Amino acid sequence: ITETNKNLIVKTFSDITSNYSIKFVECNSKEFFSSVKIAASSRITLNTCNRLIFPMLLPDVDRAIYLDVDIIVIDDIKKLWEEPLDDKIIGAVPLIISRNRSVNNFIQQINIPKEAYYRYFNSGVMLIDYAKWKEKEGSGKNIAQVLINLTKEINPKCTPDELILNKYFYINGGYKVLNHKYNVNPYYSYKW
């Protein structure tokens, strides 16, 4: 992010509210994800993989809401913040994927059973308990390293981070299913 764009982001928030803080975190994605190849035609960039290592980048954060940059929030985000995670590391909204054949093809790469496809979540909105994530890492399970290693196994042309997160959480006890109101997409979500 250029300094000009950083200043624009800060100004945008300061024009709206005083109840915020912004911290820009530098990360060289290629250092961690050198094996990931993103198609030149994809709108996805390698930087999306940074969400796989956020606990390393934000060691003082215990709980966070991750939002893709194309998300529009139309209600009080505190409602999402207060959702219980029921002892899970993340909360997310299942993605209805039967409408998109290419997503189906990508999911086949992560070797989850067909009947589990309905549990595939969209990683564009996630509530994350980093304290629990780090607690598991403290018990000898280096989640970030496992996720980085999975990038070497999974090499789709887009959404590598989403596939990797889905594979990891499918194998390791799942995630808390959040209400679809937190991540509505006219192409991939339930119709209301």
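If you're wondering where the values come from, they're calculated on a predicted model, not measured in any experiment.

**Points about the environment of I1**
Phase 1: Among the structural elements, I1 can be located in the segment before α1 (3–16).
Phase 2: Judged by relative accessible area, I1 falls into the exposed class, the value being 68%.
Phase 3: Considered as a pair, I1 and F24 are 23 residues apart in the sequence and their alpha carbons are 8.8 Å apart.
Phase 4: Residues in contact with I1, not counting those within four places in the same chain, are K6, I9 and F24.

**Examining the pairing of strand β2 (residues 90–94)**
Both faces of the sheet carry side chains from a regular strand, because those side chains alternate between them.
Phase 1: Burial analysis of β2 places 5 of its 5 residues in the buried class, the great majority of the element.
Phase 2: Pairing between β2 and strand β3 (residues 121–129): 4 bridges, direction antiparallel. Bridge pairing in β3 places V93 opposite N122.
Phase 3: Strand direction decides the pairing type here: β2 and strand β4 (residues 176–177), joined by 2 bridges, are parallel. Following the sheet pairing, G91 is matched in β4 by K176.

**Re helix α8 (residues 160–171)**
Phase 1: Look at α8: 17 Å from first C-alpha to last across 12 residues, which is about the 16 Å you get at 1.5 Å a residue.
Phase 2: Extensive coverage of α8 is indicated by the burial of 10 of its 12 residues.
Phase 3: Every buried residue belonging to α8 is among P160, D161, E162, L163, I164, L165, N166, K167, Y168 and F169, and all of these are buried.
Phase 4: G173 sits one or two positions beyond α8 and adopts a positive phi of about 95°.

**With respect to the pattern of salt bridges**
Phase 1: Tallied over the full model, the rule gives 8 salt bridges.
Phase 2: Linking K78 and E82 is a salt bridge whose minimum nitrogen-to-oxygen distance equals 3.6 Å.
Phase 3: Residue E82 is classed as exposed on the basis of its relative accessible area of 51%.
Phase 4: Residue D87 is joined to K132 by a salt bridge in which the shortest nitrogen-to-oxygen separation is 2.9 Å. Linking D87 in the loop between α4 (78–81) and β2 with K132 in helix α6 (residues 130–138), this pair joins segments that are 45 residues apart in sequence.
Phase 5: Taking the relative accessible area as the measure of exposure, K132 reaches 15% and is therefore buried.
Phase 6: Taken together, the salt bridges that share partners define one network made up of E3, K6 and E26.

Thresholds, definitions, all that
Residues numbered from 1 in each chain as written. Predicted model: local features only at pLDDT ≥ 70, side-chain atom pairs only at ≥ 80, totals over all residues. Heavy atoms only, no water. Helix = DSSP H or I, 4+ residues; strand = E, 2+ residues; numbered from the N terminus. Buried < 20%, exposed > 50% of the residue type's maximum accessible area, 1.4 Å probe, protein only. Contact = heavy atoms within 4.5 Å. Pairing = 2+ DSSP bridges. Expected span 1.5 Å × (residues − 1). Salt bridge = Lys/Arg side-chain N within 4 Å of Asp/Glu carboxyl O.

Everything listed here is a matter of geometry and, on its own, says nothing about what the molecule does.
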